[in-house]
Amino acid sequence: MTEAIVSMKNISYAYEQKTVLDHIDFEIPQGAFMGLVGPNGGGKTTLIKLLLGLMKPDDGSILLFNQPIEKFKERNKIGFVSQKANSFNRGFPATVFEVVSTGLTAKVGYFKFFNKKHKTKVLEALKQVDMLDYAYENIGNLSGGQQQRVFIARALVNDPELLILDEPTVGVDSRNVRRFYDLLHHLHENKNITLMLVTHDTGAMTEHATDIVCLNKTLHFHGKPEEYSSLTEGVLSDLYGHPINVVAHNH
Ligand SMILES: Nc1ncnc2c1ncn2[C@@H]1O[C@H](COP(=O)(O)OP(=O)(O)O)[C@@H](O)[C@H]1O
Ligand SMILES: [Mg+2]
C-alpha cells in the first residue's frame with residue numbers, strides 16, 4: 001500500500017457559525033497527483049489552510065509525513081502556491097531573485113549574510129521553471145505566466161516532497177496554461193514530487209491527475225479520473241449547483 005503523506009481524519013471547520021468542512025476524511029498518497037475540485041465556496045482553500053497549519057480544525061486530527069501536525073517541524077517538505085499569488089501587486093519593488101528567496105525556510109533574514117548555498121538554491125529553483133534569465137528583473141515587469149513560474153520556484157526552493165497549488169491557472173492565458181501543466185508533469189514524473197492541485201479545469205485534471213477529490217463541505221467524490229469523467233451530468237450539476245460540462249482528455 002502506498003504511504004499517505006497527508007492524512008486528515010474527521011476534520012470539521014466553521015467560520016463563526018458557518019460550517020465549511022463537515023467531518024472530512026482525506027489522504028494524499030505519496031507519489032499522487034491529486035486534483036481537488038468543487039464549486040466556489042466548497043471549502044478547498046480552507047482545507048489547504050488547515051493542512052498547512054495556518055488554522056486549527058474545530059474537530060479531527062491531521063498527520064503530516066506520519067507526524068501529528070502539532071509536532072511537525074519539517075516545513076521545507078511542503079511547498080505551497082497560494083490562490084493570491086497571481087494577484088500580486090505589480091508595483092512591488094522586488095527582484096525575481098528576492099521573491100524566490102523569501103520561500104527559503106532556513107533562517108536567512110533579509111539583512112543577514114546570504115550564503116552561497118542559499119543563492120545556489122534560488123538559482124536552481126529558477127532554472128527548474130525556466131526563469132533563470134529573469135533572476136534580476138523586477139517581478140512587476142513580468143507577464144502573468146512568468147510571475148506564476150516565479151511563485152512556483154518560490155515553492156520549490158526548499159526541495160519539497162509535496163507541492164500544493166491553489167487555483168494557479170486563474171488569469172493565465174491558454175499557452176501558458178499548457179506550459180504550466182508540462183512543468184507539473186515534469187515535477188511529478190522526474191522529480192518525484194507529490195502534487196495537489198486545486199482547479200476548475202476538469203479537462204486538464206482528467207488528463208493529468210492520478211486521483212480526483214471533489215469537495216463541497218463534505219467529500220462528494222474520491223476516485224480515478226476515468227471514474228470522475230464517467231459521472232453523469234446530473235450528478236455533477238447537483239454537486240456544483242449549476243450545469244457542468246466535463247470534457248475528458250484521456251489519451
Ligand atoms: N476568513 C473567512 N471568514 C468567514 N468566512 C470565510 C472565510 N474564508 C472563507 N470563508 C467562507 O467559507 C466558505 C469556503 O471558502 P473557501 O475555503 O475559500 O472555498 P473554496 O476555496 O472552495 O472556494 C465560503 O463560503 C467562504 O465565503
Ligand atoms: Mg479557494
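Heads up: the structure comes first, above all this text.
Reading guide: rules and limits
Residues numbered from 1 in each chain as written. Chains lettered and ligands numbered in written order. Predicted model: local features only at pLDDT ≥ 70, side-chain atom pairs only at ≥ 80, totals over all residues. Heavy atoms only, no water. Pairing = 2+ DSSP bridges. Helix = DSSP H or I, 4+ residues; strand = E, 2+ residues; numbered from the N terminus. Near = heavy atom within 4 Å. Polar contact = N/O pair within 3.5 Å; in protein donor to acceptor, adjacent residues only side chain to side chain. Areas by Shrake-Rupley, 256 points an atom, 1.4 Å probe, with all protein chains shown as cover.

Trainee: Would you explain the pairing of strand S4 (residues 59-64) in this entry?
Mentor: Consecutive side chains along a regular strand alternate between the two faces of the sheet. Pairing of strand S1 (residues 4-15) with S4, which is carried by 5 bridges, proceeds in the antiparallel orientation. When the sheet's bridge partners are listed, Ser-7 is paired in S4 with Leu-63. Note that S4 and strand S5 (residues 67-68) share 2 bridges and pair antiparallel. Among the inter-strand pairings, Leu-63 is bridged to a residue of S5, identified as Pro-68. What sits between S4 and S5 in their antiparallel hairpin is a turn of 2 residues, with Phe-65 showing a positive phi close to 45 degrees.

Trainee: Quick question: what am I supposed to make of the site of ligand 1 here?
Mentor: If you check the shell around ligand 1, you find Tyr-15, Lys-18, Val-20, Pro-39, Asn-40, Gly-41, Gly-42, Gly-43, Lys-44, Thr-45 and Thr-46 and nothing else. Between ligand 1 and Gly-42, the relevant distance is 3.2 Å, taken from an oxygen atom to a main-chain nitrogen or oxygen of the residue. Here an oxygen atom of ligand 1 and a backbone polar atom of Gly-43 are 3.0 Å apart. Contact with the protein chains removes 63% of the 560 Å² of surface that ligand 1 exposes when unbound. Contributions of two or more residues to the shell around ligand 1 are made by strand S2 (18-29) and helix H1 (44-51).

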